[in-house]
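Below, each chain spelled out in residue letters.
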Amino acid sequence: MQLYKNKVVLITGAASGIGKTVALTYAQQGANLVIWDRDDEGLADTQKQIQQTGSTALSLKIDLTNPDEIVTGIKTAAEKFGRVDILINNAGLGKSASVYDLSVDDWDYVINTNLRGTFLCSREAARIMKMNNGGFIINIASTRALMSEPDTEAYAASKGGILALTHALAISLGPDHIMVNAISPGWIQTGDYSNLSRTDHQQHPAGRVGKTDDIARACLYLTNPENDFITGTNLVIDGGMTRKMIYAE
Ligand code: NAI
């Protein structure tokens, strides 16, 4: 059964990694895709693979740090398909730097991509969803919203902001029948899975490192039309790592 047939799904950061797998997963479910990224070569490959499933993809080169491009991109998507049913705010990046050296420019770049970009995409997509009896928004956060390694201030703050933005949007957009949830991935291997070591896998309570499919299946769950009683939540998908207590030996 193709649960998402004729639904329009917009995914940011769809040129690679998690976003690419999520896009292909919805395509296999019969959805029409709107795929965004600043990497147009990667986007072209995602688009080709979507078309091989028989689904349609509108591919737009968009830099999320540019608010005008986001506004125009949503209008273009709505003009082509007449609706946007699901938005997956997936694009994101970090800049690792000592807290003493992190520049204002680098801070702004990470926050503007991850957090402001998520807000602007949600605001613009919600305008369209509201006219079509609602929709679903998923914000890809990170377990780094909850815990940290050193030198990751901007990334951690952006992802923590995304969790707060998620519950704020869930409350504001509930009356418009728009469900807003976050997914916080742990270690999701986007490169060669076979390169991982036994230690990499076994440190996880679940016994393995995550795969991009783990996140794609969670997206399907949170956007299943029947799951319209789930909003404002944060689904942690990390093989149990954030639940593991660690003491020095
Ligand atoms: P990735 O680097 O493979 O994909 C991210 C995509 O976002 C890239 O295609 C990139 O070009 C795009 N992008 C970055 N900045 C952009 C901008 N300003 N405008 C438009 N596109 C932009 O990364 P991955 O691993 O697939 O991550 C996807 C999301 O999942 C990110 O938000 C990341 O923070 C989050 N995440 C990933 C984890 C992992 O272990 N892979 C763990 C926790 C969170």
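These lines cover the structure that appears in this document, whether it is placed above or below. Computed from a predicted model, the values in this text were never measured in an experiment.

Reading the values: the criteria
- Each chain carries its own residue numbering, running from 1 in the direction its sequence is written.
- The model is predicted, so local features are restricted to residues of pLDDT at least 70 and side-chain atom pairs to those at 80 or more, both for listing and for counting; the totals for chains, interfaces and linings are taken over all residues.
- Calculation of side-chain values draws on the structure's entire complement of heavy atoms; hydrogens and water are dropped beforehand.
- Each Phe, Tyr or Trp ring, with Trp reduced to its six-membered ring, pairs with another whose centre is within 6.5 Å; inter-plane angles below 30 degrees give stacked pairs, above 60 give edge-to-face pairs, and intermediate values give tilted ones.
- Under the scheme used here, helices are H or I runs from DSSP no shorter than 4 residues and strands are E runs no shorter than 2 residues, and both carry numbers assigned from the N terminus.
- Buried means the residue's accessible area, taken with a 1.4 Å probe over protein chains only, is under 20% of the maximum for its type, while exposed means over 50%, and partly exposed covers the values in between.
- The rule for a charge over a ring is simple: NZ of Lys or CZ of Arg within 6 Å of the ring centre, and within 35 degrees of the ring normal.
- By definition, a salt bridge exists where a carboxyl oxygen of Asp or Glu is found within 4 Å of a side-chain nitrogen of Lys or Arg.
- Working rule for contacts: check all heavy atoms of both residues, and any pair within 4.5 Å makes them a contact.
- The cutoff for a nearby residue is simple: one of its non-hydrogen atoms must lie within 4 Å of the molecule or strand.
- In protein, a polar contact requires one atom able to donate a hydrogen and another able to accept it; more generally it is a pair of N or O atoms within 3.5 Å, and residues adjacent in sequence count only if both atoms are side-chain atoms.
- For the accessible areas, the method is Shrake-Rupley and the probe is 1.4 Å, while residue cover comes only from the protein chains on display.
- Charged residues are taken to be Asp, Glu, Lys and Arg, nonpolar residues to be Ala, Val, Leu, Ile, Met, Phe, Trp, Tyr, Cys and Pro, and polar residues to be all remaining types, Gly included.
- In this analysis, the expected span of each helix is defined as 1.5 Å times one less than the number of residues it contains.
- Directions drawn from the helix axis to the C-beta atoms are what define this arc.

Inspection of every chain in the model, using the stated rule, returns one aromatic pair. A centroid spacing of 5.2 Å and a plane angle of 85° characterise the contact between Y4 and Y26, whose relative ring orientation is edge-to-face. With Y4 in the segment before β1 (8-12) and Y26 in helix α1 (residues 17-28), this residue pair connects regions lying 22 residues apart in the sequence. Residue classification places Y26 among the buried residues on the basis of a relative accessible area of 0%. A cation sits over an aromatic face here: K80 above F81, 5.4 Å from the ring centre. Directly above the aromatic system of Y193 lies the positively charged group of K211, at a separation of 4.7 Å from the ring centroid.

Bringing the pattern of salt bridges into the picture now. Applying the stated criterion across every chain yields a total of eight salt bridges. In this structure, K61 engages D40 in a salt bridge whose closest nitrogen and oxygen atoms are separated by 3.9 Å. One end of the pair, K61, is in strand β3 (residues 57-61); the other, D40, is in helix α2 (residues 40-52), with 21 residues separating them in the sequence. Judged by relative accessible area, K61 falls into the exposed class, the value being 53%. Among the salt bridges present, the one from R127 reaches E124, with a minimum N-O distance of 3.2 Å. Remark: E124 and R127 occur in helix α4 (residues 104-131); sequence separation between them is three residues, near one turn of the helix. Shared partners join several salt bridges into a network, and the residues in it are R123, E124 and R127.

Examined against the element boundaries, S184 turns out to sit in strand β6 (residues 178-185). Looking at S184, the relative accessible area reads 0%, which means it is buried.

Attention now moves to the environment of I88. With respect to the helices, strands and loops of the structure, I88 is situated in strand β4 (residues 86-89). Of the residues examined, I88 reaches a relative accessible area of 1% and is grouped as buried. Expressed as a C-alpha distance, the spacing of I88 and V9, which sit 79 residues apart in the sequence, is 7.6 Å. If we ignore the near neighbours within four places in the chain, the residues touching I88 are V9, L10, I11, T12, V22, Y26, I138, I140 and C219.

What follows covers the site of the ligand. Taken together, 25 residues lie near the ligand, and I18, D37, N90, Y155 and I188 sit nearest. A distance of 2.9 Å separates an oxygen atom of the ligand from a polar side-chain atom of S16. Residue N90 places a main-chain N or O atom 2.7 Å away from an oxygen atom belonging to the ligand. Protein contacts shield 84% of the accessible area of the ligand, which totals 820 Å² for the unbound molecule. A class-by-class count of the residues in the shell around the ligand yields 12 nonpolar, nine polar and four charged.

A separate point is helix α3 (residues 67-81). An ideal rise of 1.5 Å per residue puts 21 Å on 15 residues; α3 measures up with 22 Å between its terminal C-alpha atoms. Buried residues of α3: I70, G73, I74, A77, A78 and F81, and no others. What you see down the axis of α3 is that its buried residues fit within an arc of 130°, all on one side. In α3, the exposed positions that point more than 90 degrees away from the buried face belong to D68, K75 and E79. In this fold, the buried residues of α3 make contact with β1, β2 (32-37), β3 and α4. For α3, the N-terminal cap is N66; the gap from its side-chain oxygen to the backbone nitrogen of D68 is 3.0 Å. G82 sits one or two residues past α3 and shows a positive phi near 80°.

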